[in-house]
Amino acid sequence: MKENALEITGFHAHIYFDTATREAAARIREGLGANFDVQLGRWHEQPIGPHPKAMYQVAFSPEQFGKVIPWLMLHREGLDILVHPTTGDDVADHTDHSLWLGEKLELNIDFLR
């Protein structure tokens, strides 16, 4: 098997919300901050970058993946969440290397090119 040169240096989870689900997003954010060693990004009330709706980002280390992702699986309150690695290849990280909890939303990948 060929050795892959890509290395995962961290992960991002993007928690998507709208006005009706903002309180649920706030509860998830509070739980993540209280239970894990994560960096909570700013609230973005409008679509930004490749993201099609309001969201905030949570950054965490590869060592936290096995704790953060199972917690999100059980506590996402029906919200859609994009999880992707950071390898230096933004397009692949948001597409080929990503996973979704909930519905897979259409990202504006052209923004990342």
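Right above here is the structure, for reference.
These numbers come from a predicted model, not from an experiment. (Residues numbered from 1 in each chain as written. Predicted model: local features only at pLDDT ≥ 70, side-chain atom pairs only at ≥ 80, totals over all residues. Heavy atoms only, no water.)

Draft legend 1. Just the pairing of strand 3 (residues 55–60), in detail. Summarising burial for strand 3: five of the six residues are buried, a large majority. Bridge analysis of strand 1 (residues 10–16) against strand 3 gives six bridges, and the strand direction is antiparallel. The residue bridging Ile15 from the neighbouring strand is Tyr56, located in strand 3. (Buried < 20%, exposed > 50% of the residue type's maximum accessible area, 1.4 Å probe, protein only. Helix = DSSP H or I, 4+ residues; strand = E, 2+ residues; numbered from the N terminus. Pairing = 2+ DSSP bridges.)

Draft legend 2. Helix 2 (residues 65–75), seen in detail. Those residues of helix 2 not exposed but buried are Val68, Ile69, Trp71 and Leu72. Considered in projection along helix 2, the buried side chains sweep an arc of 160° and stay on one side of the axis. Exposed and facing more than 90 degrees away from the buried side of helix 2 are Gly66 and Leu74. Buried residues along helix 2 sit against strand 1, helix 1 (22–35), strand 3, strand 4 (81–86) and strand 5 (99–101). Glu77, located one to two residues past helix 2, shows a positive phi value of around 50°. (Arc of directions from axis to C-beta. Contact = heavy atoms within 4.5 Å.)

Draft legend 3. Spotlight on the environment of Leu72. Locating Leu72 in the fold gives a position in helix 2. Between the C-alpha atoms of Leu72 and Leu32, which are 40 residues apart in sequence, the distance is 8.4 Å. With residues near it in sequence (within four places) discarded, Leu72 still touches Ala13, Ile28, Leu32, Ile81 and Leu101.

Draft legend 4. The arrangement of the pairing of strand 4 in detail. Within strand 4, five of the six residues are buried, which leaves the element mostly enclosed by the surrounding structure. Alignment of strand 1 against strand 4, held across six bridges, turns out to be antiparallel. Directly across from Ile15, in strand 4, lies its bridge partner Ile81. Across three bridges, strand 4 lies against strand 5 in antiparallel orientation. Considered in strand 5, the bridge of Val83 is made with Leu99.

Draft legend 5. Highlighting the pattern of salt bridges. Under the definition given, this model contains three salt bridges. For Glu45, the salt bridge is made with Arg22, and the minimal N-O distance between the two is 2.5 Å. In this pair, Glu45 is assigned in the loop between strand 2 (39–40) and strand 3 and Arg22 in helix 1, connecting sequence segments 23 residues apart. Given a relative accessible area of 42%, Glu45 falls into the partly exposed group. Across the pair Arg27 and Glu77 runs a salt bridge, and its minimum N-O distance is 2.5 Å. Residue Arg27 is located in helix 1, and its partner Glu77 is located in the loop between helix 2 and strand 4; the two are separated by 50 residues in the primary sequence. When its relative accessible area of 42% is taken as the criterion, Glu77 is described as partly exposed. (Salt bridge = Lys/Arg side-chain N within 4 Å of Asp/Glu carboxyl O.)

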